[in-house]
Amino acid sequence: QAKSDGRNAIRFFDKRMQSQINTRVMLDREFRRALKEGQFVLHYQRQVDDMGKVTGIEALVRWQHPRRGMLYPSDFIWLAEENGLIMHLGRWVLQCVCNQVAEWLQHGDMVVPPVAINVSARQFHHHDFLPNTLEILEKSGIDPQHIKLELTESALVEHMDATVAKMSELRAHGIRFSLDDFGTGYSSLAYLKKLPLDEIKIDRAFVRDILTDPGDAAITQTIVSLCQILGFDVVAEGVENEGQQAMLALQGCRHYQGYWFGRPVPAGQL
Ligand code: C2E
Ligand code: MG
Ligand code: MG
Ligand code: MG
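Residues numbered from 1 in each chain as written. Chains lettered and ligands numbered in written order. Predicted model: local features only at pLDDT ≥ 70, side-chain atom pairs only at ≥ 80, totals over all residues. Heavy atoms only, no water.

**Student:** Explain the site of ligand 1 to me, please; I cannot follow it from the model alone.
**Tutor:** Of all residues adjacent to ligand 1, which total 23 residues, the nearest are Asn118, Asp180, Arg204, Glu240 and Tyr259. Contact distances for ligand 1 include 2.7 Å between an oxygen atom and a side-chain N or O atom of arginine 204. Calculation on ligand 1 without its partners gives an accessible area of 810 Å², and the protein chains cover 84% of this total. Considering each element in turn, the shell around ligand 1 owes the most residues, four residues, to strand β2 (residues 54-65). Of the residues that constitute the shell around ligand 1, the class distribution is nine nonpolar, six polar and eight charged. (Near = heavy atom within 4 Å. Polar contact = N/O pair within 3.5 Å; in protein donor to acceptor, adjacent residues only side chain to side chain. Areas by Shrake-Rupley, 256 points an atom, 1.4 Å probe, with all protein chains shown as cover. Helix = DSSP H or I, 4+ residues; strand = E, 2+ residues; numbered from the N terminus. Nonpolar A, V, L, I, M, F, W, Y, C, P; charged D, E, K, R; others polar.)

Encoded structure:
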């Protein structure tokens, strides 16, 4: 009895694994096709200062899936990281942003703020990342000052020396760096001093309850003060109402991003 149960259990497990593998193979295939057929799009979200002036724009990728509808990064970035296609997607994102910036610059009446691009850990540490990035920028002809790369803490703490070297080389070309989702990763204050950063973004997890949770308010205040001392710009993410902005302003934060100022939208609606 026990033996046959065991065998059934094994067979059941096998079947489930097989179906997971099939799903993966299918997803992989769909992802490759999406890249080829241009199903990815970028949405753009503004960053503003306390006068309401747009001081930055963040590019956020979406997958317009022919059957599943609009997919968000949390649905597919993990897949791209696992199957290695993140390099392919990352190149497309950079190229798309460069083209967009070039187009905006052609409207002579428009001041174009830096556009932030998210770079995942696997992508940043790939040996092709640096040459690819420089090549795309050079071919596009736009000034690297228009680009800002957003990295997360997890991307930066691994291989510290190599990371600093890579960032420094890109920075020597005029590309700026921002530390995304600050406070949620392996935040060590020691490495903040070593990293050639221009900006830190306070994770929206701390902004959400800033008006009701004294702990969160203390954390945002500490990050703002730290940035002032270390000479980094600071941007608060996920600002959804006036109260949150007012509290952050009181704490000395001057740059904000969030639904209160505008949702991510296609370039034409920005
Ligand atoms: P992130 O870089 O921290 O981007 C901010 C996320 O917060 C975006 O989610 C944005 O839509 C959302 N957001 C903005 N304002 C608010 C707000 O007021 N309230 C709330 N609740 N959310 C807000 P999204 O677009 O789903 O992107 C999620 C993450 O996916 C990004 O987090 C980033 O880490 C990653 N990602 C996005 N685009 C790319 C990309 O092109 N390449 C890579 N490697 N990762 C990307
Ligand atoms: Mg980001
Ligand atoms: Mg973030
Ligand atoms: Mg995030």
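**Student:** What is the right way to read the coordination of the magnesium ion (ligand 2) from this model?
**Tutor:** Geometry sets the ideal angles at a metal, namely 109.5 degrees for four tetrahedral donors and 90 or 180 degrees for six octahedral donors. The protein atoms that coordinate the magnesium ion (ligand 2) are Glu58 (OE), Asn118 (OD1), Glu150 (OE) and Asp180 (OD), at distances spanning 2.0 to 2.2 Å. Read from N- to C-terminus, the donor residues coordinating the magnesium ion (ligand 2) fall into the pattern E-x59-N-x31-E-x29-D. The metal-metal distance between the magnesium ion (ligand 2) and the magnesium ion (ligand 3) comes to 4.1 Å, with aspartate 180 coordinating both. Separated by 62 residues along the polypeptide, asparagine 118 in strand β4 (residues 115-118) and aspartate 180 in strand β6 (residues 176-182) bring together distant segments of the chain. By relative accessible area, asparagine 118 is classed as partly exposed at 31%. (Donors = N, O, S within 2.8 Å, 3.2 Å for Na, K, Ca; no water. Buried < 20%, exposed > 50% of the residue type's maximum accessible area, 1.4 Å probe, protein only.)

**Student:** I tried to follow the coordination of the magnesium ion (ligand 3) on my own but got confused; where do I start?
**Tutor:** At 2.0 to 2.4 Å from the magnesium ion (ligand 3) lie its protein donor atoms, namely Asp180 (OD), Asp181 (OD), Glu237 (OE) and Glu237 (OE). Going along the chain, you hit the donors of the magnesium ion (ligand 3) in the pattern D-D-x55-E. When its relative accessible area of 6% is taken as the criterion, aspartate 180 is described as buried.

**Student:** I tried to follow the side chain of glutamate 58 on my own but got confused; where do I start?
**Tutor:** By secondary structure assignment, the location of glutamate 58 is in strand β2. Under the relative-accessibility criterion, glutamate 58 is labelled buried at 4%. A polar contact of 2.8 Å, which involves the side chain of glutamate 58, links it to the side chain of asparagine 118. In this structure, glutamate 58 is in contact with His43, Tyr44, Gln45, Gln47, Ala116, Asn118, Glu150, Asp180, Lys201 and Gln257, ignoring residues within four places of it in sequence. (Contact = heavy atoms within 4.5 Å.)

**Student:** So what exactly am I meant to see when it comes to the state of the cysteines here?
**Tutor:** In a disulfide, the sulfur atoms of two cysteines are held together by a covalent bond. Under the definition given, this model contains zero disulfides. Free cysteine: cysteine 98, not disulfide-bonded; nearest cysteine sulfur from cysteine 96 at 9.4 Å. Judged by relative accessible area, which is 1%, cysteine 98 ranks as buried. Considering cysteine sulfurs only, cysteine 227 is the nearest to cysteine 253, which forms no disulfide, with 8.6 Å between them. Residue class for cysteine 253 comes out buried when judged on its relative accessible area of 0%. (Disulfide = S-S within 2.5 Å.)

**Student:** When you look at helix α2 (residues 73-83) in this model, what are you seeing that I'm missing?
**Tutor:** Three or four residues apart is the spacing at which side chains of an α-helix point the same way, because the helix has 3.6 residues per turn. Looking only at α2, the buried set comprises Phe76, Leu79, Ala80 and Asn83. Around the axis of α2, the buried residues are gathered within 100 degrees of arc, so they sit on the same side. Glycine 84 lies just past α2 and shows a positive phi near 85 degrees. (Arc of directions from axis to C-beta.)

**Student:** Help me understand the packing of helix α3 (residues 86-106) against helix α5 (residues 129-140), please; the structure alone is not making it clear to me.
**Tutor:** A packed helix pair is summarised by two numbers, namely the angle formed by the two axes and the spacing between the axes. Where α3 meets α5, the axes come as close as 10 Å, and the angle between the chain directions of the two elements is 25 degrees. It follows from the interaxial angle that α3 and α5 lie roughly parallel. Taken as a pair, α3 and α5 cross one another with a handedness that is right-handed. Residue-level contacts link Met87, Arg91, Leu94, Gln95 and Cys98 of α3 to Phe129, Asn132, Thr133, Ile136, Leu137 and Ser140 of α5. When the residues that make up the contact of α3 with α5 are grouped by side-chain class, the tally is six nonpolar, four polar and one charged. (Axes fitted to C-alpha atoms, helices over the stretch in contact; angles between N-to-C directions. Parallel < 35°, antiparallel > 145°, perpendicular 65-115°, else oblique. Left-handed = near helix turned anticlockwise from the far one by under 90°.)

**Student:** In this structure, what is going on with unusual backbone geometry? I would like to understand it.
**Tutor:** Note: most peptide bonds trans; most residues except glycine with negative phi. A positive phi angle, close to 55 degrees, is found at aspartate 181, a residue other than glycine. When you line up the elements, aspartate 181 lands in strand β6.

**Student:** Just checking my understanding: could you explain the nonpolar core for this structure?
**Tutor:** As a rule of thumb, nonpolar side chains are buried together in soluble globular proteins. Judged by nonpolar contacts, the single largest core of 70 residues is most densely connected at Phe31 and Val97. When residues of this core are assigned to their parent elements, the largest contribution, nine residues, is made by α3. Those residues within four positions of phenylalanine 31 in sequence are excluded, and the remaining contacts are Phe40, Trp63, Phe76, Leu79, Ala80, Leu85 and Leu89. (Core = buried A, V, L, I, M, F, W, Y, C linked by side-chain atoms within 4.5 Å.)

**Student:** Would you take a moment to explain the pairing of strand β5 (residues 147-152) for this structure?
**Tutor:** On any regular strand, side chains alternate: one points to one face of the sheet, the next to the other face. Counted residue by residue, β5 has five buried out of six residues, so it is predominantly covered. Relative to β5, β4 is paired through four bridges, and the arrangement is parallel. Along β5, the bridge assignment pairs isoleucine 117 with leucine 149. For β5 and β6, the ladder comprises five bridges, and the chain directions are parallel. Looking across to β6, one finds that glutamate 150 is bridged to serine 178. (Pairing = 2+ DSSP bridges.)

That is the geometry; function is a separate question.
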